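Residue-level structural notes
The residues making up each chain are set out below.
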Amino acid sequence: ILLSPLVSGDFNRATRAIKSCYNQTNHQLLFGVHVVINSQDDIFIEDIVNFCKESNVEYSVTDSDGTPSTGKNSVFDFFKGSDFTHLAQLDGDDMFYPTFLTQVQRHLKKYPKTDVLATLPIDIILPNPTDYTIKIRDEFNALLWGTHYFCNHTWVGTIGRDPIVDGISLPNYARFVLFSRNIVELELYYDKFLIVGEDKKMHFDFLSLHQQDKISYWFTTASDMWICDRTSFWHPKRRTLTA
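The residue numbers shown here count from 1 along each chain, following its written sequence. The predicted nature of this model means local features are confined to residues of pLDDT at least 70 and side-chain atom pairs, given and counted, to a pLDDT of 80 or more, with totals for whole chains, interfaces and linings taken over all residues. Note: side-chain values were computed over all heavy atoms of the structure, leaving out hydrogens and water.

The next point concerns the nonpolar core. Nonpolar cores were defined as sets of buried Ala, Val, Leu, Ile, Met, Phe, Trp, Tyr and Cys residues, with membership established by side-chain atoms within 4.5 Å. Relative accessible area decides the class of each residue, using a 1.4 Å probe on protein chains only: under 20% of the type maximum gives buried, over 50% gives exposed, and in between gives partly exposed. Core analysis: the largest hydrophobic core is formed by 34 residues, its most contacted members being Leu3, Ile37, Ile48, Phe96, Phe100, Val104 and Met225. Element by element, the count of residues in this core is highest for helix 2 (residues 42–55), at six residues. For this analysis, residues touch if any pair of their heavy atoms sits within 4.5 Å. With near-sequence residues (within four places) excluded, Leu3 lies in contact with Cys21, Gln24, Phe31, Gly32, Val33, His34, Ala88, Phe96, Phe100 and Leu101. Formed by 22 residues, the second largest nonpolar core is a distinct cluster that contains Ala118, Leu120, Phe179 and Leu188. Helix and strand definitions here come from DSSP, where helices need a minimum of 4 consecutive H or I residues and strands a minimum of 2 consecutive E residues; each element is numbered from the N-terminal end.

This next bit is on the packing of aromatic side chains. Stacked, edge-to-face and tilted labels apply to pairs of Phe, Tyr and Trp rings (six-membered ring for Trp) whose centres lie within 6.5 Å, assigned for plane angles under 30 degrees, over 60, and everything in between, in that order. Overall, the coordinates contain 12 aromatic pairs when judged by the stated rule. Each ring, one from Phe76 and one from Tyr189, has its centre 5.8 Å from the other, and the planes form 75°; the classification is edge-to-face. Taken as a pair, Phe76 in helix 3 (residues 68–80) and Tyr189 in the loop between helix 6 (181–185) and helix 7 (198–211) lie far apart in primary sequence, 113 residues in all. An aromatic cluster is present here, built from Phe76, Phe176, Phe179, Tyr189, Tyr190, Phe206, Tyr217 and Phe219 joined pairwise through their rings.

For the rest of this paragraph, the subject is the packing of helix 1 (residues 11–21) against helix 2. Every axis in this analysis is a line fitted to C-alpha atoms, fitted for helices over the stretch in contact. Angles between the N-to-C directions lie between 0 and 180 degrees. It is at 11 Å that the axes of helix 1 and helix 2 come closest, and there the two elements cross at 30°. Considering the angle they form, helix 1 stands roughly parallel to helix 2. The two elements helix 1 and helix 2 meet at a crossing, and its hand is right-handed. For the pair formed by helix 1 and helix 2, the contact residues are Phe11, Ala14, Thr15, Ile18 and Lys19 on the first element and Phe44, Asp47, Ile48, Phe51 and Cys52 on the second. The nonpolar class holds Ala, Val, Leu, Ile, Met, Phe, Trp, Tyr, Cys and Pro. Asp, Glu, Lys and Arg form the charged class, and all remaining residues, Gly among them, are polar. The residue inventory of the contact of helix 1 with helix 2, partitioned by class, reads seven nonpolar, one polar and two charged. An angle counts as roughly parallel when it lies under 35 degrees, as roughly antiparallel when it exceeds 145, as roughly perpendicular when it falls between 65 and 115, and as oblique in every other case. Two helices cross in a left-handed way if the nearer one is turned anticlockwise from the farther one by less than a right angle. They cross in a right-handed way if the turn is clockwise.

Turning to the pairing of strand 6 (residues 116–119), a few remarks are in order. Side chains of strand 6 alternate between two faces, with Val116 and Ala118 and Leu117 and Thr119 buried alike. Should DSSP find at least two bridges between two strands, the strands are regarded as paired. Inspection of the sheet shows strand 6 paired to strand 10 (residues 175–180) by four bridges, in the antiparallel sense. If you follow Ala118 over to strand 10, its bridge partner there is Phe176. As paired elements, strand 6 and strand 11 (residues 217–220) share four bridges and run parallel to each other. Of the residues in strand 11, the one forming a bridge with Leu117 is Trp218.

Structure below.
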């Protein structure tokens, strides 16, 4: 399994994401780490390249046009040319839980032919308190599910409304965390013309192929796989938040 942080800025969060790849526990999977640097910030590129060299972490610098799709597609390109059987791509401002590969192994043991795995729900770090958040260090707030099982009706809000098709929500409401080689061999790439919502477009592509029995597309309710950090561009102390 290839763990590939996609980094484009924010040196402290980028290095945190990379370090989280090496903190995996309680699994028997073979994995490697390769950092994809897709940025238009030359200073950041130089800093993160030096970090990777000093830490003996494999990396590549890819051409960036500033869109998320181009960065994610560059991760797919590296995966396609590698010997890995599966890919776990991580956005550079987020981080893996130490139990990420524990849950990947648990899922693949039961459903080995999985081509895409997406997480629902997710744990989130937020700048401002909301319902059910808890206060954490540096005055940030965390929304933690703490369970693999939850009632979707309470999260959706009203029975019958689905954020994927409600005509209101732009992004997909689950995050893709695992891809098989079948995805890149089918050349299922992100649409570079979508600046927002590229994951949602991919969801419908995956769902269509799943219905045609060409791929196996799964959602998991294991919330201890990764953490979404939504404070990157908000907090004046954003460079001090560490795992």
